[in-house]
Amino acid sequence: FSLNLADCNAVLKALQPIFQEQGMTETVHNWEDHGYLVTYIKKNGSFANLRIHPHGLVLVDLQSYNDHMKGREEVDQLLNKVEERMKELFHGNIKRVKRLPAILRGGVIDRYWPTADGRLVEYDIDEVVYDEDSPFQNIKILHSKQFGNILILSGDVNLAESDLAYTQAIMGSGKEDYTGKEVLILGGGDGGILCEIVKLKPKMVTMVASNIDQMVIDGCKKHMRKTCGDVLDNLKGECYQVLIEDCIPVLKRYAKEGRMFDYVINDLTAVPISTSPEEDSTWEFLRLILDLSMKVLKQDGKYFTQGNCINLTDALTLYEEQLSRLYCPVEFSKETVCVPSYMELWVFYTIWKKQTDI
């Protein structure tokens, strides 16, 4: 409840009978100019925290171990009584009443995952499809009623079966002709990019990543087939190969051999969020990948990559600054796309070598 101004004692006296009727034991903490914190504890372990701030904010947090409909109804009834009593007492003084949905803690299925910019999203997850720890990370594939199976790596939502928009954006949004072209994919262990490019009749697609995780491939080829189709069933096909190797030595080898690509698609990682000194190594890795990629990119080739959430403007600006520090001058454009399972707008980059005047 947001009040114009809280009469702390009046709020406390008005709400006390509601909790006492439930047989809850009361403990009151008073901080003079800082209002009240009151705890109410029931014999079954349920409890409520009532925080009354003198500036007008009144918070009621009710926690209960009730995993059945009757228990949820009891919680709703109690909160309804609190809301009715507050409106009776402060009807003309209440600026806002906000009741948040219940958060289920400790459930078998974790439905809460943060967005890139730190907002907590509750997904409609109804099944744990796959949950394994590899030497590199935790791998989860969870089923969502809206988005299908979702790949989550170490707590980071990577891709869902609904997210063709992501794959199309990181391939150039349908503006490129991949027919007969040489393509290098960095990352992409879910197989989505590889699956879509193979359909476009390229000459050869090579997919390689830094510590590419065989367990990710194994999980996706079984549980994310709407995304990857059958391209992960074998590591080699008529026009593609998947290398389970560290991409940095591979890129260095290709550069030394003079091997060049029409397209390089970097799906390794998003632009780093943190700008603190301890993250310098992450930015150095990102610049190394960029430099090596430019060395194997044809003069008229294009480099595609994801950026990050559109709200992370500082991180995106820092990334764009890195582009001016590469061994060769480059130009870039960017596009903002809504990725369904991310529930946020995502920025994608197209980078190419700057054409120098002869």
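Residues numbered from 1 in each chain as written. Predicted model: local features only at pLDDT ≥ 70, side-chain atom pairs only at ≥ 80, totals over all residues. Heavy atoms only, no water.

I keep staring at the overall build of the protein chain and nothing clicks. Help me out?
Scanning the protein chain from terminus to terminus reveals 9 helices and 19 strands. For 358 residues, the compact-globule estimate of 2.2 N^0.38 gives 21 Å, and the C-alpha radius of gyration of the protein chain, at 27 Å, exceeds that figure by more than 25%. Dimensions of the protein chain, computed from the C-alpha atoms along their principal axes, are close to 80 × 45 × 35 Å. Within the protein chain, the fraction of its 358 residues that count as buried is 45%. Nonlocal contacts in the protein chain, meaning residues at least 24 apart in sequence, comprise 59% of its contacts between residues at least 6 apart. For the protein chain, the computed accessible surface area is about 18,800 Å², with 49% contributed by carbon and sulfur atoms. Looking at the protein chain, you have 40 positive and 53 negative side-chain charges, and the mean spots of the two groups are 1 Å apart. (Helix = DSSP H or I, 4+ residues; strand = E, 2+ residues; numbered from the N terminus. Rg over C-alpha atoms; globule rule 2.2 N^0.38 Å. Buried < 20%, exposed > 50% of the residue type's maximum accessible area, 1.4 Å probe, protein only. Contact = heavy atoms within 4.5 Å. Areas by Shrake-Rupley, 256 points an atom, 1.4 Å probe, with all protein chains shown as cover. Lys, Arg positive; Asp, Glu negative; His and termini not counted. Charge placed at Lys NZ, Arg CZ, Asp CG, Glu CD.)

What is the right way to look at helix 5 (residues 214–223) in this model?
Residues lying three or four places apart along an α-helix face the same way, a consequence of the helix completing one turn every 3.6 residues. Within helix 5, the full set of buried residues consists of V216, I217, G219, C220 and H223. Along the long axis of helix 5, the arc covered by the buried residues comes to 170 degrees, so they all point the same way. If you follow the buried residues of helix 5, they end up packed against strand 9 (125–133), strand 10 (138–144), strand 11 (148–153), helix 6 (225–228) and strand 15 (240–243). (Arc of directions from axis to C-beta.)

Where do I start with the domain arrangement of the protein chain in this structure?
Accessible area lost when the parts come together is the quantity often used to give the size of an interface. In terms of domains, the protein chain is made up of domain 1 (5–90) and domain 2 (162–353). On a C-alpha basis, the centres of domain 1 and domain 2 stand 52 Å from each other. (Domains from an automatic or database assignment.)

Just to check I follow, could you spell out the environment of I139 for this structure?
Here I139 shows up in strand 10. Each C-alpha atom of the pair I139 and L153 lies 4.9 Å from the other, and the pair is 14 residues apart in sequence.

Can you walk me through the nonpolar core in this structure?
As a rule of thumb, soluble globular proteins bury nonpolar side chains together. Among the nonpolar cores identified, the biggest contains 79 residues, and L184, I197, I265, Y303, Y319 and I351 are the most heavily contacted of them. At 6 residues, helix 8 (residues 280–295) tops the list of elements feeding residues into this core. Leave out the neighbours within four places in its chain, and I197 touches M171, Y178, V183, I185, P202, V205 and I265. If you look at the next biggest cluster of nonpolar residues, it comprises 22 residues, including L15, Y36, V38 and A48. (Core = buried A, V, L, I, M, F, W, Y, C linked by side-chain atoms within 4.5 Å.)

Before we go on, may I ask you to explain the pattern of salt bridges in this structure?
Summed over the entire model, instances satisfying the criterion amount to 14 salt bridges. Here E83 and R99 are joined by a salt bridge, their closest N and O atoms 3.1 Å apart. With E83 in helix 2 (residues 69–90) and R99 in the loop between strand 6 (94–96) and strand 7 (112–114), this residue pair connects regions lying 16 residues apart in the sequence. (Salt bridge = Lys/Arg side-chain N within 4 Å of Asp/Glu carboxyl O.)

I tried to follow the sheet that holds strand 10 on my own but got confused; where do I start?
What holds strands together in a sheet is hydrogen bonding between their backbones, with the strands either parallel or antiparallel. With respect to topology, 4 strands assemble into an open sheet ordered 9-10-11-12, the strand pairing being antiparallel. Of all the strands in the sheet, the pair left with one neighbour each is strand 9 and strand 12 (156–160). Pairs of neighbouring strands in the sheet enclose a mean axial angle of 25 degrees, with direction left out of account. In this structure, strand 10 lies alongside strand 11, joined through 6 bridges in antiparallel fashion. If you follow K140 over to strand 11, its bridge partner there is I152. (Pairing = 2+ DSSP bridges. Axes fitted to C-alpha atoms, helices over the stretch in contact; angles between N-to-C directions.)

How do you make sense of the packing of aromatic side chains when you look at a structure like this?
Aromatic ring pairs are defined here through the distance separating the ring centres and the angle between the ring planes. On inspection of all chains with the given rule, the structure shows 10 aromatic pairs. A centroid spacing of 4.8 Å and a plane angle of 75 degrees characterise the contact between Y342 and W346, whose relative ring orientation is edge-to-face. Taking relative accessible area as the criterion, W346 reaches 6% and is therefore assigned buried. Connected via pairs of aromatic rings, a cluster forms that spans Y166, Y342, W346 and F348. A cation sits over an aromatic face here: R259 above Y254, 4.7 Å from the ring centre. (Phe/Tyr/Trp six-rings, centres within 6.5 Å; stacked < 30°, edge-to-face > 60°. Lys NZ or Arg CZ within 6 Å of the ring centre and 35° of its normal.)

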